[in-house]
Amino acid sequence: GQQVMQIPQYQHVQEGEDFTTYCNSSTTLSNIQWYKQRPGGHPVFLIQLVKSGEVKKQKRLTFQFGEAKKNSSLHITATQTTDVGTYFCAGMNSGGSNYKLTFGKGTLLTVNP
Amino acid sequence: EAGVAQSPRYKIIEKRQSVAFWCNPISGHATLYWYQQILGQGPKLLIQFQNNGVVDDSQLPKDRFSAERLKGVDSTLKIQPAKLEDSAVYLCASSLDTGRTTYNEQFFGPGTRLTVL
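This one's a predicted model, so the numbers in the text were calculated from it and none came from an experiment.

1. Quick notes on the interface of chain A and chain B
Alright, step 1. Between chain A and chain B, the contact holds 18 residues from the first and 24 residues from the second.
Alright, step 2. Buried area between chain A and chain B, both sides added, is near 1,800 Å², and the carbon and sulfur share of it is 49%.
Alright, step 3. For the pair chain A and chain B, the interface holds zero salt bridges.
Alright, step 4. Linking chain A to chain B there are two residue pairs in polar contact (both at pLDDT 80 or more).
Alright, step 5. Of the residues forming the side of chain A that touches chain B, the biggest block, four residues, is contributed by strand S4 (residues 29-37) of chain A.

Quick look at the structure:
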C-alpha cells in the first residue's frame, strides 16, 4: 500500500531560525495536504498542493510539491514560538475510484524563545 | 460554524471491555472519517463514509471494530473487545465533498483519548 515518509521526526530550533520538513511518497500522488497539530490538539488543515512543481506561500510558510508529485516540503522562515507543533503531510492516492489520505508520522517542531 | 463534535473526550477501560465513541460532523458534510492516532504517529484511517455508505474500511480491524453512520449524519465507532494496543486517540473528521474528488480539506474533531488497562 501507499507509504508516506516524513523527516526529520523531531526538530528543535531557536526562535528566529528557519525550519524545513520533508515528505516522500512511495507512489505518485494526486495531491498532498499539510496539517498542523498543536500539543494536545487535533490536526488543522494548512494547505493543499495539486500541480507538479507547485509552490504556495502563507506568510512565513512555503510549501512545495515535487515535479514527480512524489515529494513535498514545508519551510518556515524565522520561526516563532507560535509555530510549535507537529506538522503532518498527507498524500492523496492517485487513481482508483476513491480518494483517501495517507498521513506521514509528522515532524515535531519545538522552538526555544 | 460549529466544528466536528466528539464524545467522550476521555475513556479508560479494562482490556476485553467494550467502548463506543460518537461523532457529529459539520452540518452538510457528506464524508466522515474515523482515524486512529497512536502517540507519536500520524492519523491512520480506519473507515470512511460517504453519506451513510462505507467507501473504505480496508484498515479497520473488523473482528473487533465496527462503525456505522445512520441517516448519513452522526456516526459511532465501537470496539469490542478492547486490547491494550487499542490505546490511542480516535479522531473523527468530515469533509464537504463526496470523497470522489481530488479536493477534500478535512476538519477534525477534538478526538477521544482511549486508555486500555
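Let us keep going from here.
2. Things to note about the state of the cysteines
Alright, step 1. Scanning the model with the defined rule gives two disulfides over all chains in all.
Alright, step 2. A sulfur-sulfur distance of 2.0 Å marks the disulfide that ties A:Cys23 to A:Cys89. Looking along the S-S bond of the A:Cys23-A:Cys89 disulfide, the torsion reads about 75°, which is the right-handed sense. Placement of A:Cys23 in strand S3 (residues 19-25) and of A:Cys89 in strand S9 (residues 85-93) is noted, with a sequence separation of 66 residues between them. Accessibility classification places A:Cys23 together with A:Cys89 in one group, the buried group.
Alright, step 3. The residue that forms a disulfide with B:Cys23 is B:Cys92, at a sulfur-sulfur distance of 1.9 Å. Between B:Cys23 and B:Cys92, the S-S dihedral sits near -70°, and the bridge is therefore left-handed.

Cut-offs used in this document
- Residues numbered from 1 in each chain as written.
- Chains lettered and ligands numbered in written order.
- Predicted model: local features only at pLDDT ≥ 70, side-chain atom pairs only at ≥ 80, totals over all residues.
- Heavy atoms only, no water.
- Contact = heavy atoms within 4.5 Å.
- Buried area = accessible area lost by both parts, 1.4 Å probe.
- Salt bridge = Lys/Arg side-chain N within 4 Å of Asp/Glu carboxyl O.
- Polar contact = N/O pair within 3.5 Å; in protein donor to acceptor, adjacent residues only side chain to side chain.
- Helix = DSSP H or I, 4+ residues; strand = E, 2+ residues; numbered from the N terminus.
- Disulfide = S-S within 2.5 Å.
- Buried < 20%, exposed > 50% of the residue type's maximum accessible area, 1.4 Å probe, protein only.

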